[in-house]
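Chain by chain, the residues:
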Amino acid sequence: SILACTISQPGDVILTKRFKENSKDSIGGIISSINDQKGVGGFFAGYSARLAHVAAIVTSQLVVYDYLKQLLGLPATGS
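Reference entry: report on the structure contained in this document. (Residues numbered from 1 in each chain as written. Predicted model: local features only at pLDDT ≥ 70, side-chain atom pairs only at ≥ 80, totals over all residues. Heavy atoms only, no water.)

**Remarks on helix α1 (residues 2-20)**
Under the convention used in this document: Think of it this way: any DSSP run of H or I at least four residues long counts as a helix, any run of E at least two long counts as a strand, and we number them from the N terminus. An expected span of 1.5 Å times one less than the residue number is assigned to each helix. The reported bend at a residue is simply the angle between two axes, fitted to the 7 residues ending at it and to the 7 residues beginning with it. Here, residues are in contact when the closest pair of their heavy atoms is within 4.5 Å.
Between its first and last C-alpha atoms α1 spans 25 Å; for 19 residues at 1.5 Å apiece the expected length is 27 Å, and the two agree. Along α1, the sharpest kink reaches roughly 40 degrees, centred on S8 and followed within four residues by the proline P10. Those residues of α1 that are buried lie in contact with α2 (27-38) and α3 (47-71). Just past α1, the residue N22 takes up positive phi, approximately 50 degrees.

Encoded structure:
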């Protein structure tokens, strides 16, 4: 999950900028704009919030999964 967040973060930043500003610029132009304004770090804006969001989702999925397994009489994961 962390690897997926890291790899997809720059693309999400580019798309967010495009839609937020209703930009008609090309993807290359948006990339240049982000790089010129904030450098490479600009592509990882909001990264920590995204990691927290993904961690909460994955944790809740695992808890629900184990709970449902126990309701069905199956052993919980790691048992």
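There's more to say after this.
**Concerning the packing of aromatic side chains**
The line we're drawing: Two rings from Phe, Tyr or Trp (for Trp, the six-membered ring) form a pair when their centres sit within 6.5 Å of each other. Planes less than 30 degrees apart are called stacked, planes more than 60 degrees apart edge-to-face, and all others tilted.
With the rule as written, the count across this model stands at one aromatic pair. For the pair F44 and Y47, a centre-to-centre distance of 6.1 Å together with 85 degrees between the ring planes defines the contact as edge-to-face.

**A few points about the nonpolar core**
Definition in use: Residue types Ala, Val, Leu, Ile, Met, Phe, Trp, Tyr and Cys, when buried and joined through side-chain atoms within 4.5 Å, form a set referred to as a nonpolar core. Each residue is assigned to one of three classes by its accessible area relative to the maximum for its type, calculated with a 1.4 Å probe on protein chains only: buried under 20%, partly exposed between the two thresholds, exposed over 50%.
Ranked by size, the top nonpolar core spans five residues in total: V13, I14, I30, I34 and F43. Elements that contribute at least two residues to this core include exactly α1 and α2. When near neighbours in sequence (up to four residues on either side) are disregarded, V13 contacts I34, G42, F43 and A45.

**Side note on the packing of α1 against α3**
For any two helices packed against each other, one specifies the inter-axial angle together with the distance between the axes. So the rule is basically this: Here, axes are lines fitted to C-alpha atoms. For helices the fit covers the stretch in contact, and angles between N-to-C directions go from 0 to 180 degrees. Working definition: roughly parallel below 35 degrees, roughly antiparallel above 145 degrees, roughly perpendicular at 65 to 115 degrees, and oblique for all remaining angles. Whether a crossing is left-handed or right-handed is set by the direction in which the near helix is turned from the far one by less than a right angle, anticlockwise for left-handed and clockwise for right-handed. By the convention adopted, Pro, Cys, Tyr, Trp, Phe, Met, Ile, Leu, Val and Ala count as nonpolar, Lys, Arg, Asp and Glu as charged, and the other residues, Gly among them, as polar.
Packing of α1 against α3 brings their axes to within 10 Å, and their N-to-C directions diverge by 135 degrees. Between α1 and α3, the interaxial angle falls into the category oblique. With respect to the hand of their crossing, α1 and α3 are arranged in right-handed fashion. Residue-level inspection shows I2, C5, T6, S8, Q9 and D12 of α1 in contact with α3, the latter providing Y47, R50, L51 and V54. Of the residues contributing to the contact of α1 with α3, the split by class is five nonpolar, three polar and two charged.

**Observations concerning unusual backbone geometry**
For N22, which is not glycine, the phi dihedral falls at a positive 50 degrees. Topologically, N22 is positioned in the loop between α1 and α2.

**Details of the packing of α1 against α2**
Close contact between α1 and α2 brings their axes to 10 Å; oriented N to C, the two are set at 100 degrees. Judged by the inter-axis angle, α1 sits roughly perpendicular to α2. Contacts from V13, I14, K17 and R18 of α1 reach α2 at I27, I30, I31, S33, I34 and Q37. A class-by-class count of the residues in the contact of α1 with α2 yields six nonpolar, two polar and two charged.

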